[in-house]
Amino acid sequence: MSAPMMRREQRSLVPDLFDLLEAPLAAFRSTTGQQMRFEDYMEDGRYVLRAEVPGMDPERDIEITVANGILTVHGERRQEERRGQRTEFRYGSFTRSVPLPPNADENDVRATYDQGILEISVRLAEEREESRRIPVERGGGPQT
């Protein structure tokens, strides 16, 4: 006799304890497995990065650093909601590091937070020539 097949019941709207244990940071992940929705683009001589980080206090929960051509965004969420006798809490952290373009000015970085969107912009220096030819001179040794 074969073992009975286990069937997972349909889930209710409220996640159960096993869901929380399987994915404790699910609130920070998108369906693609990234920890936060993120986009970057060039605009008006600046490199712009935008991230969705709703429900965070930018002064307390978000840290942005830049060093050696790498921009790092770190956030930590601690949220608790009470409704009657029920309490729901979410917590977790995320870190995302992004290499900056080679002509990024690390001394001119600006960050704003508005309605759950973190926007960071870095000034870009004028484009430099990618490469240049270096002439080879003959040495001063004996010629044959």
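Residues numbered from 1 in each chain as written. Predicted model: local features only at pLDDT ≥ 70, side-chain atom pairs only at ≥ 80, totals over all residues. Heavy atoms only, no water.

(A) Main features of empty space enclosed by the protein. The final tally for this structure, using the stated rule, is 1 cavity of 30 Å³ or more. In this model, the largest cavity occupies a volume close to 30 Å³. Lining the largest cavity are E81, R83, R86, T87 and E88. Contributions of two or more residues to the lining of the largest cavity are made by β4 (70–83) and β5 (86–99). Take the lining of the largest cavity: its biggest share by element is 3 residues, from β5. (1 Å grid on protein atoms, 1.4 Å probe; cavity = no way out; pocket = protein on both sides within 12 Å on 5 of 7 lines; lining within 4 Å. Points joined across faces, edges and corners; volume = space filled by probe spheres on them. Helix = DSSP H or I, 4+ residues; strand = E, 2+ residues; numbered from the N terminus.)

(B) Representation of the nonpolar core within the structure. By size, the foremost hydrophobic cluster in this structure holds 17 residues, and its most contacted members are V53 and V73. Looking at this core, the elements that each hand over two or more residues are β2 (46–52), β4, β5 and β7 (117–124). Per-element tally for this core: the top contributor is β7, with 4 residues. When near neighbours in sequence (up to four residues on either side) are disregarded, V53 contacts M36, I62, R77, F94, Y113, G116 and L118. (Core = buried A, V, L, I, M, F, W, Y, C linked by side-chain atoms within 4.5 Å. Buried < 20%, exposed > 50% of the residue type's maximum accessible area, 1.4 Å probe, protein only. Contact = heavy atoms within 4.5 Å.)

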